[in-house]
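Here is how the chains run, residue by residue.
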Amino acid sequence: MKKPKLITRSHGAGGLLSQQLIAQQFAPLLKRAGQALNDAAVITIGDTKVAFSTDSFTVSPLFFPGGDIGSLAIHGTVNDVAMMGGLPEFISLAFVIEEGFSAQALHRITQSVAEAADRCSVAVVTGDTKVVERGAADGLFINTSGLGVVPAQINIDPRQVAVGDVLLINGTIADHGVAVMCAREELDVSGEILSDSAPVADITGQLINKLGEKVHALRDPTRGGLASTLNEITTQAGVILEIDQTTLPILPQVAGVCEILGLDPLQVACEGKVLAFVDGSVADEALTIMKSCGGGKQAAIIGQVIGADWPQVRLRTPLGTTRIVEMPPGEILPRIC
Ligand code: MG
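Note that the structure is a prediction, hence the values are computed from the model and not measured.

Novice: Could you give me a rundown of the nonpolar core, with the residues and numbers involved?
Specialist: With 63 residues, the main nonpolar core has Leu226, Leu230, Leu266 and Phe277 as its most contacted residues. Among the elements that line this core, the one with the most residues is helix 2 (residues 69–83), at six residues. Here this core gathers at least three residues from each of two domains, domain 1 (11–150) and domain 2 (158–324). For Phe277, the contacting residues outside a window of four places in its chain are Val161, Asp165, Val166, Leu167, Lys214, Val215, His216, Ala217, Leu230, Ile233, Leu241 and Val305. Val81, Val166, Leu168 and Val274 belong to the second-largest nonpolar core, a separate cluster that totals 28 residues.

Okay, here's the thing in structure tokens:
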């Protein structure tokens, strides 16, 4: 793996270049602490297992249909804690603000943070503010960290994903990426497209409570979309996953924008979605649980683990043919979250 001389935006896009940068620069740090590259670290404090996660938000524009950087910063971190089986409770909130930023816009953002925190039943308990000179930040950036207790018997780990597991998603794909891009480029799309930014901790909590160890892996497909997330998991587990295109939930207007712009919806970011790998014996039960939760009405079983010969993601098309779903190489949509 060649080491880059300079960091490009593609190194932050969640695809192959992000993965390489993380492997070269940051994974060794986590490895020293016995941590793998998951949505959150699982650590032990005293006798208590805790999921601990951090995320920075640089989305442009700051306000978009269906959300803004404030709610996104809460939902994103809450969801990452939930993906490792944590029940999110505490959040830190750090702002980097550009000189000249509107105090009124900042107030809107902090209000949105407060509303999102209430919705997720998390408390913002610590924070930080930095102001940098004009041009040094595009309006503002936010960093959040989150903490939540993981039930003692729960062990969510992509390495548990095995042949016979089924893959579920709680709803439509690519909404967030397309909504933000349409807002940024001021594209006028018939049929409004809203970001799906939302907490999914209720869905993961219910799955874990009711199905216990039959839940093998959970991950939220954000940057890089399903293509990145599913390639990450199949690589960690060493399995072949086949997803069925006819079962993938997607809004027609989202599919339309992707087609016009030449985007593969599998590579476009979601925000309020969870991909769940569960034991095949509880597939229908898992689907019923997802559908009974808020944000889960359009849940579907979208794939199955069919082999353990090597890591691969395949897509079965409506014509019955299959193609390999590659890890996106680099920048698809920058500054999406
Ligand atoms: Mg995540």
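Novice: Now, about the coordination of the magnesium ion: what can you tell me, with residues and values included?
Specialist: At 2.2 to 2.3 Å from the magnesium ion lie its protein donor atoms, namely Asp39 (OD), Asp80 (OD) and Asp220 (OD). Of note, the donors binding the magnesium ion are all from one chain and are spaced D-x40-D-x139-D. Here the residue Asp39 occupies a position in the loop between helix 1 (16–32) and strand 1 (41–45), and Asp80 occupies one in helix 2, the gap between them amounting to 41 residues. Taking relative accessible area as the criterion, Asp80 reaches 8% and is therefore assigned buried.

Novice: Report on the pattern of salt bridges, specifying residues and quantitative values.
Specialist: In this structure the tally under the stated criterion is eight salt bridges. A salt bridge links Glu242 to Arg316; its shortest N-O distance comes to 2.9 Å. You can see Glu242 sitting in strand 10 (residues 240–244) and its partner Arg316 sitting in strand 13 (residues 312–316), a full 74 residues away along the chain. By relative accessible area, which is 17% here, Glu242 ends up buried. Three or more residues are tied together by salt bridges with common partners; here these are Asp39, Arg219 and Glu232.

Definitions and cut-offs
- Residues numbered from 1 in each chain as written.
- Predicted model: local features only at pLDDT ≥ 70, side-chain atom pairs only at ≥ 80, totals over all residues.
- Heavy atoms only, no water.
- Core = buried A, V, L, I, M, F, W, Y, C linked by side-chain atoms within 4.5 Å.
- Buried < 20%, exposed > 50% of the residue type's maximum accessible area, 1.4 Å probe, protein only.
- Helix = DSSP H or I, 4+ residues; strand = E, 2+ residues; numbered from the N terminus.
- Domains from an automatic or database assignment.
- Contact = heavy atoms within 4.5 Å.
- Donors = N, O, S within 2.8 Å, 3.2 Å for Na, K, Ca; no water.
- Salt bridge = Lys/Arg side-chain N within 4 Å of Asp/Glu carboxyl O.

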